[in-house]
Amino acid sequence: MSKIAIIITTILIAIGSVPFALAAMARAVPSSHTRIHIIQDMDNQPKFRAQHANPLFADGRAMRPPVAGTVARGQLEADDHYDRGVVDDGWATTFPPQVQVNLDLVYRGQDRFNIYCTPCHGYAGYGDGMVNKRAMELVNLGLNGTTWVQPKNMHEQLIREQPVGQTFNTITNGVRNMSGYAAQIPVEDRWAIVAYVKALQRSQTADLNDLPPDQRIDLPTIRLHPETP
Ligand code: HEC
């Protein structure tokens, strides 16, 4: 190969590697610019954002005030007992009248509890769900400086004795390190979960004598959770 051909080949290889180098840099270096977006697929569309200007309206505001005289309906959350679990400035000790406490409610609560609460609190509520197991593994490995506050054991006396309104509030707004579930779980389902939590708590201190005599015979052998006091 002639000298000139070697030089040209070297230059071409150097230029050819530039796109790869740029791609590698884009992946590794943080940037405040929006990433290059070649195929738009309607990902970015013109719109007005909150608190921005819109010349279409006389007052130049993109956000429109409510029509004068509008009255909100349906989503006011005006019922302290039902919406907040509060009665006379204290935690409600009873279920609100809108909630029918029956077996259907408890089953609904079990269904929702198993979806939303078991990852942390575990199926039996001892605070030993899969998320907790994984987090404890990471803590023990000392990886990434992981810290973890263990989900509460719902069978601790203090938690067991909490009024239903307080449990409702914990689900709604969260408590300390636990976040609230108001956005995911509608009010009636939160009450159903409260009913199930109460049943779950009661179940761990249940005694054979709690059953009517005619139902005691066919009871399968039950192994209590190892942490049951
Ligand atoms: C992502 C994990 C996680 C999920 C999911 C979760 N919790 Fe918790 N929960 C926690 C943690 C952590 C605490 C303890 C917080 C603390 O002590 O800082 C806690 C505490 C509690 C307590 C004790 C409250 C108190 O007064 O000390 C109750 C009751 C409770 N959770 C119920 C629930 C219910 C019911 C659900 C399902 C709707 C749920 N939790 C879902 C992590 C979770």
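See the structure above.
**Comments concerning the overall build of the protein chain**
Within the protein chain one finds nine helices and four strands. When its helices and strands are written in sequence order, the protein chain yields α-α-α-β-β-α-α-α-α-α-β-β-α. In terms of overall dimensions, the protein chain is more spread out than a globule: its C-alpha atoms have a radius of gyration of 29 Å, far above the 17 Å expected for 229 residues. C-alpha extents for the protein chain along the principal axes are approximately 105 × 60 × 30 Å. Considering the protein chain as a whole, with its 229 residues, one finds that 24% of them fall into the buried category. Accessible surface computed for the protein chain: about 17,400 Å², of which carbon and sulfur atoms make up 59%.

**Re the site of the ligand**
Surrounding the ligand, one finds 20 residues, the nearest of these being Cys117, Cys120, His121, Gln162 and Met178. Take glutamine 162: an N or O atom from its side chain is 2.8 Å from an oxygen atom of the ligand. One of the side-chain N or O atoms of asparagine 177 is found 2.9 Å from an oxygen atom in the ligand. Those elements that place two or more of their residues in the shell around the ligand are helix 5 (118-121) and helix 8 (164-173). Here the shell around the ligand is composed, by residue class, of 13 nonpolar, five polar and two charged.

**Focus: the nonpolar core**
Among the nonpolar cores identified, the biggest contains 21 residues, and Phe113, Trp191, Ile193 and Val194 are the most heavily contacted of them. Counting only elements with at least two residues in this core, the list comes to helix 4 (103-116), helix 8 and helix 9 (187-203). When residues in this core are grouped by element, the largest group, nine residues, is from helix 9. What isoleucine 193 contacts, discounting residues up to four positions off in sequence, is Gly109, Arg112, Phe113, Cys117, Ile171 and Ile185.

**Re the coordination of the iron atom of the ligand**
The coordination sphere of the iron atom of the ligand, as far as protein atoms go, consists of His121 (NE2) and Met178 (SD), spread over 2.0 to 2.2 Å. Every donor counted, the six donor atoms about the iron atom of the ligand form angles of 86 to 178 degrees at the centre, which fits octahedral coordination. With a gap of 57 residues between them, histidine 121 in helix 5 and methionine 178 in strand 4 (residues 178-179) connect regions that are remote in the sequence. In this structure methionine 178 comes out as partly exposed when scored by relative accessible area, which is 29%.

**What to know about the packing of helix 4 against helix 9**
Helix 9 packs onto helix 4 with a crossing angle of 95 degrees between their chain directions and a minimal axis gap of 7 Å. Taken as axis vectors, helix 4 and helix 9 run roughly perpendicular relative to one another. Contacts from Leu105, Val106, Arg108, Gly109, Gln110, Arg112 and Phe113 of helix 4 reach helix 9 at Asp189, Trp191, Ala192, Ile193, Ala195, Tyr196, Val197, Ala199 and Leu200. In terms of residue class, the contact of helix 4 with helix 9 is built from eleven nonpolar, two polar and three charged.

**Some points on the packing of aromatic side chains**
One pass over the full model with this rule turns up four aromatic pairs. Note on phenylalanine 168 and tryptophan 191: the rings are 4.3 Å apart at their centroids and 15 degrees apart in plane angle, and the pair reads as stacked. Of this pair, phenylalanine 168 sits in helix 8 while tryptophan 191 sits in helix 9, placing them 23 residues apart in sequence. According to the relative accessible area criterion, tryptophan 191 is buried, its value standing at 0%. Taken together, the ring pairs in this structure connect Phe95, Phe168 and Trp191 into an aromatic cluster. Across the ring face of phenylalanine 57, the terminal group of arginine 64 is positioned such that the distance to the ring centre comes to 3.8 Å.

**Section: the pattern of salt bridges**
Within the structure shown, the criterion is met by nine salt bridges. Taking the shortest distance from any N to any O, the salt bridge between aspartate 80 and arginine 84 comes out at 2.8 Å. Here the residue aspartate 80 and the residue arginine 84 both occupy positions in helix 3 (residues 80-84), the gap between them amounting to four residues, near one helical turn. With a relative accessible area of 38%, aspartate 80 lands in the partly exposed category. Classification of arginine 84 as partly exposed rests on a relative accessible area of 35%. Of the charged contacts in the structure, one is a salt bridge between lysine 152 and glutamate 156, with a shortest N-O distance of 4.0 Å. Owing to a relative accessible area of 36%, lysine 152 belongs among the partly exposed residues under this scheme. One network of salt bridges, with partners in common, ties together Arg108, Asp111, Arg112 and Asp189.

**A closer look at the side chain of aspartate 189**
Summarising the element assignment, aspartate 189 is placed in helix 9. The exposure class of aspartate 189 is buried, given its relative accessible area of 8%. Setting aside residues up to four positions removed in sequence, aspartate 189 forms contacts with Arg108 and Arg112.

Calculation criteria
Residues numbered from 1 in each chain as written. Predicted model: local features only at pLDDT ≥ 70, side-chain atom pairs only at ≥ 80, totals over all residues. Heavy atoms only, no water. Helix = DSSP H or I, 4+ residues; strand = E, 2+ residues; numbered from the N terminus. Rg over C-alpha atoms; globule rule 2.2 N^0.38 Å. Buried < 20%, exposed > 50% of the residue type's maximum accessible area, 1.4 Å probe, protein only. Areas by Shrake-Rupley, 256 points an atom, 1.4 Å probe, with all protein chains shown as cover. Near = heavy atom within 4 Å. Polar contact = N/O pair within 3.5 Å; in protein donor to acceptor, adjacent residues only side chain to side chain. Nonpolar A, V, L, I, M, F, W, Y, C, P; charged D, E, K, R; others polar. Core = buried A, V, L, I, M, F, W, Y, C linked by side-chain atoms within 4.5 Å. Contact = heavy atoms within 4.5 Å. Donors = N, O, S within 2.8 Å, 3.2 Å for Na, K, Ca; no water. Tetrahedral: all angles 85-135°; square planar, octahedral: opposite > 155°, others 65-115°. Axes fitted to C-alpha atoms, helices over the stretch in contact; angles between N-to-C directions. Parallel < 35°, antiparallel > 145°, perpendicular 65-115°, else oblique. Phe/Tyr/Trp six-rings, centres within 6.5 Å; stacked < 30°, edge-to-face > 60°. Lys NZ or Arg CZ within 6 Å of the ring centre and 35° of its normal. Salt bridge = Lys/Arg side-chain N within 4 Å of Asp/Glu carboxyl O.

Nothing here speaks to function; it is all geometry.
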